[in-house]
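Fold and geometry: a report
Listed below are the residues making up each chain.
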Amino acid sequence: MNPQAKLIFSLSLLLGTTITISSSHWVMAWTGLEINTLAILPLISKSHHPRAIEASTKYFLIQATASTLLLFSSMLNAWFTGQWDITQLTHPLSCMLLTVAISMKLGLVPFHFWFPEVLQGSSLMTSLLLATVMKFPPTILLFLTSPSLNPTLLSTMAIASAALGGWMGLNQTQIRKIMAFSSISHLGWMAIILIYSPKLTLITFYLYSLTTAAIFFTLDTTNTLKLSTLMAAWSKIPSLTAALMLTLLSLAGLPPLTGFLPKWLIIQELTKQELTTTATIIALLSLLGLFFYLRLAYCATITLPPNPANHMKQWHINKSVNTLTSTLVMLSIMLLPMSPTILTIP
């Protein structure tokens, strides 16, 4: 892609995200979301491969439908209450429509079907944008409207997302699809605590984005897209592949790694709210995700030749790891001791 075009699309993504997260009026928030959608479409379809074109078409249709529902929800609320302010969403039907619209944008169950296919059709860096940056504005809208949302509906969707994200990830061989189901599962954790502690939802999102970025940058450095090539990735940059194992275990939520922090805090908060059953269910469902993270970690570091993968062996290459990748990997592994500082993030 032309560097000038890539710069324009990247700046448009930044602009759309900034407009949405800083607006207090529904129309401005909707405008920011539309700018984001239009900016990411050329990045998804830039390879001109049929799968990429299919992914961009699916993404456009789903996002357009979700934006329409969001605008309809805000208009309905304005019709009944005379309020266009994001925090003044009070009409029950508007709240339900908004929940559906944001769930479609994020990929929460039962509106998850598009997300794995779109990630599979995109490049690794575009997949990273779709899994992190593109989810930030809808998450902020959920954060701002959290007092008005239906707890039962959100909890049901959250548990379904955690279950389906873990269950569907078990049988995948494509790493981008595994990361997509991982994202759906983590969205379940964010949604379940949204009503009770919106700040904790944001902390979970920040730490999830950090760890996911570390994994995608590592995969991009080693040029790995599926499990069979991941088995040979250790021979390229052994130190980075060893760190990848720890980053995957962090995303799974194992102590004493960074990813343990949000899950620990969410379970603690749910228990405080006397939702012990909900906390137990979602903690058990995270074991499904742990299985496929361990599978990825096993393929990355423990599988040694001879293995059944039918491809040429790629021996150690003189490729340096950039500073950004190494910094992200270190942060995604070692932030747990800084828990008190992280909890002061507004």
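Residues numbered from 1 in each chain as written. Predicted model: local features only at pLDDT ≥ 70, side-chain atom pairs only at ≥ 80, totals over all residues. Heavy atoms only, no water.

Looking at the packing of helix α12 (residues 238–252) against helix α15 (residues 323–334)
Two quantities define a packed helix pair, namely the angle between the axes and the distance from one axis to the other. Inclusion rule: Comment: axis = line fitted to C-alpha atoms, over the contacting stretch for helices; angle = value between 0 and 180 degrees taken between N-to-C directions. Helix and strand definitions follow DSSP, with helices as H or I runs of at least four residues and strands as E runs of at least two, each counted in order from the N terminus. Each angle is binned into one of four classes, with values under 35 degrees roughly parallel, values over 145 roughly antiparallel, values of 65 to 115 roughly perpendicular, and all other values oblique. The sense of a crossing depends on the near helix, which, turned anticlockwise from the far helix by less than a right angle, makes the crossing left-handed and, turned clockwise, makes it right-handed. Note on contacts: a residue pair qualifies if any of its non-hydrogen atoms lie within 4.5 Å across the two residues.
In the contact formed by α12 and α15, the axes pass within 9 Å of each other and the chain directions differ by 40°. One element, α12, and the other, α15, form an angle in the oblique class. As α12 packs across α15, the resulting crossing turns out to be left-handed. On α15, the residues touching Leu240, Ala243, Leu246, Thr247 and Ser250 of α12 are Thr325, Val329, Ser332 and Ile333.

Considering the environment of Met157
Mapped onto the fold, Met157 is located in helix α8 (residues 151–169). Leaving out residues up to four positions away in the same chain, Met157 has contacts with Thr99, Ser103, Leu108, Val109, Pro110 and Phe111.

What about the domain arrangement of the protein?
Our working rule: Segment limits for the domains were obtained from an automatic or database-derived domain assignment. Computed with a 1.4 Å rolling probe, the buried area is the accessible surface lost when two parts are put together, summed over both parts. Any pair of N or O atoms that falls within 3.5 Å is considered a polar contact. Within protein, one atom must be able to donate a hydrogen and the other to accept it, and sequence-neighbouring residues count only if both atoms are side-chain atoms. Only Asp, Glu, Lys and Arg are considered charged, only Ala, Val, Leu, Ile, Met, Phe, Trp, Tyr, Cys and Pro nonpolar, and every remaining residue, Gly among them, polar.
You can read the domains of the protein as domain 1 (1–107) and domain 2 (150–345). Listed per partner, the contact involves five residues of domain 1 and five residues of domain 2. Three residues, Thr99, Leu106 and Gly107, lead the burial of domain 1 against domain 2; their summed loss comes to 70% of the area buried on that side. Taken together, the links from domain 1 to domain 2 amount to zero residue pairs in polar contact (both at pLDDT 80 or more). For the side of domain 1 that touches domain 2, the residue count by class is two nonpolar, three polar and no charged.

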